[in-house]
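Next come the chains, spelled out residue by residue.
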Amino acid sequence: MEFLLGGASSMCAVLFTNPFDVLKTRQQLEGELIAKQNLKERAYKGIRQSVLTVVRTDGLRGLQKGLPAALLYQFSMNGVRLGTYQTAENLGWTKSTSNPSLTPLLSVFWGGCAGLASATASCPFYVVKTQLQAVTSGSYTARFQHHHSGTVSAFVNIYRQSGVRGLFRGYTATLARLVVGSSAQMSSFSACKEFFLRYQVFQESIVLTALASSTVAGFLTSVLMSPCDVVTTRMTNQAVSANGKGLLYTNIFDCFLKIYRSEGIHGYYKGFVPMYLRVAPHTMLNLTFWEFFKGLHDRYGKQH
């Protein structure tokens, strides 16, 4: 039930936040391995211009590109992530009664473990989601885009070209992204929730507590996860050779190094604004829905 509640809450959240994910992906891929000063024309500079570019080239529907894959990704990723963390919390593994100072470290550790498990479960859906979001019918500044007709077609095409390995392209980057993001999000969310519950106004509202806690968690997650997020997008979307090997990046370290050499620190934070506008509300909506569904389940369970 913990896994089902986590997956359902994230699917509700992604319906609202997927447009920002599309903008983030486009911005992260624009000017790939090109120094900022050498990038003369930008189609996705800022939120306003990015939205206009997407609508102009792909219509309003373009803002929800890759939604089916995003729903599957969120269900598999957050179902496993939140379910694993909640199970560890239920078993008392995220807190130390004998040594309270260890509690933050335990929260980070189990958040990371939850991220590791979720990365493995959700990687194929992330690959498909990213490749679908990157495709546009208009002029585009990305170095490569995969032309799939839909979610099922993307799975079939990737599998035919590269086998199972193709569906796990960029797995190490996905792993780093989710371990860092999950550790930051879950530990900060738990710590903030514990802090806010000291006050009467938060004790009376599960939703208000979840909103306040997830606002902080969303900010920390965005700052810490952005470099890994850019690397994951780049590795996932890169062109591949006939035998399925990446043509731009050989591994996560190669990708980090090439981005730094070509684009500097700025390259690691491309798409940061839409990422924050996606992560913060998504964290708020996801964890708020999660707390809400858990509350319903607890009340329903007590009645039966």
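Residues numbered from 1 in each chain as written. Predicted model: local features only at pLDDT ≥ 70, side-chain atom pairs only at ≥ 80, totals over all residues. Heavy atoms only, no water.

Going by the annotation in an unreviewed UniProt entry, the name recorded for the protein is Mitochondrial oxaloacetate carrier protein, with Anopheles melas given as the source organism. Regarding the protein, the relevant UniProt record gives this comment under Subcellular location (unreviewed entry): "Mitochondrion inner membrane". (UniProt positions renumbered as here; feature names shortened; annotations may be inferred.)

What follows deals with the overall build of the protein. Helix and strand counts for the protein stand at 12 helices and zero strands. Seen along its three principal axes, the alpha-carbon backbone of the protein occupies a region of about 55 × 40 × 35 Å. By residue count, 53% of the 304 residues in the protein fall in the buried class. Considering only residue pairs separated by 6 or more positions, the protein has 78% of its internal contacts joining residues 24 or more positions apart. Carbon and sulfur atoms make up 66% of the accessible area of the protein, which amounts to about 14,000 Å² in all. (Helix = DSSP H or I, 4+ residues; strand = E, 2+ residues; numbered from the N terminus. Buried < 20%, exposed > 50% of the residue type's maximum accessible area, 1.4 Å probe, protein only. Contact = heavy atoms within 4.5 Å. Areas by Shrake-Rupley, 256 points an atom, 1.4 Å probe, with all protein chains shown as cover.)

So, about unusual backbone geometry. Its identity is not glycine, yet Leu33 carries a phi of approximately 60°, on the positive side. Structurally, the position occupied by Leu33 is in the loop between α1 (2-29) and α2 (46-58).

Okay, the pattern of salt bridges next. Following the criterion strictly, the structure yields 12 salt bridges and no others. Between Lys24 and Asp229 there is a salt bridge whose closest N-O contact spans 2.7 Å. Of this pair, Lys24 sits in helix α1 while Asp229 sits in helix α9 (residues 206-237), placing them 205 residues apart in sequence. Looking at Asp229, the relative accessible area reads 0%, which means it is buried. Two residues, Lys270 and Glu263, come together in a salt bridge whose shortest N-O distance is 3.0 Å. Across this residue pair, the class does not change: Lys270 and Glu263 are buried. Through salt bridges with shared partners, a single network forms among Asp21, Lys24, Lys129, Arg177, Asp229 and Arg278. (Salt bridge = Lys/Arg side-chain N within 4 Å of Asp/Glu carboxyl O.)

This part covers the nonpolar core. One finds Leu33, Ala173, Val230, Val231, Met235, Leu248, Tyr249, Ile252, Cys255, Ile259 and Tyr268 forming the largest nonpolar core, which totals 11 residues. Every element with two or more residues in this core is listed here: α9 and α10 (252-263). Non-local contacts of Tyr249, meaning those with residues more than four positions away in its chain, are made with Glu32, Leu33, Arg234, Met235, Gln238, Asp254, Cys255 and Lys258. Of all hydrophobic cores here, the second largest spans eight residues; its members include Ala69, Val127, Val128 and Ile158. (Core = buried A, V, L, I, M, F, W, Y, C linked by side-chain atoms within 4.5 Å.)

Our focus in this paragraph is the environment of Tyr276. One can find Tyr276 in helix α12 (residues 272-303). Separated by 57 residues in sequence, Tyr276 and Phe219 place their C-alpha atoms 7.0 Å apart. Non-local contacts of Tyr276, meaning those with residues more than four positions away in its chain, are made with Gly218, Phe219, Ser222 and Pro281.

What follows concerns the packing of aromatic side chains. How two aromatic rings sit relative to each other is given by the distance of their centres and the angle of their planes. Within this structure, the stated rule accounts for 11 aromatic pairs. An aromatic cluster is built from Phe195, Phe196, Tyr199 and Phe202, whose rings are joined through pairwise contacts. (Phe/Tyr/Trp six-rings, centres within 6.5 Å; stacked < 30°, edge-to-face > 60°.)

Right, let's talk about the packing of helix α7 (residues 171-196) against α9 for a bit. Where α7 contacts α9, the axes come no closer than 8 Å and their chain directions differ by 170°. Put simply, α7 runs roughly antiparallel to α9. Considering only residue class, the contact of α7 with α9 consists of 17 nonpolar, nine polar and three charged. (Axes fitted to C-alpha atoms, helices over the stretch in contact; angles between N-to-C directions. Parallel < 35°, antiparallel > 145°, perpendicular 65-115°, else oblique. Nonpolar A, V, L, I, M, F, W, Y, C, P; charged D, E, K, R; others polar.)

Let us now look at the side chain of Thr236. Mapped onto the elements of the fold, Thr236 is located in helix α9. Leaving out residues up to four positions away in the same chain, Thr236 has contacts with Tyr126, Val127, Thr130, Gln131 and Arg169.

Right, let's get into the environment of Leu82. Assignment of secondary structure puts Leu82 in helix α3 (residues 67-90). Placed 169 residues apart in sequence, Leu82 and Asn251 show a C-alpha to C-alpha distance of 28 Å.

The subject of this paragraph is α3. A rise of 1.5 Å per residue sets the reference length of α3, with its 24 residues, at 34 Å; its end C-alpha atoms lie 32 Å apart and thus fit the reference within 8%. When you tally the buried positions in α3, you get 17 out of 24 residues, the bulk of the element. In the stretch just after α3, Gly92 is the one whose phi turns positive, near 80°. (Expected span 1.5 Å × (residues − 1).)

Turning our attention to the side chain of Thr233. Along the chain, Thr233 turns up in helix α9. In this structure Thr233 comes out as buried when scored by relative accessible area, which is 0%. A polar contact is formed between the side chain of Thr233 and the side chain of Gln28, at a distance of 2.6 Å. (Polar contact = N/O pair within 3.5 Å; in protein donor to acceptor, adjacent residues only side chain to side chain.)

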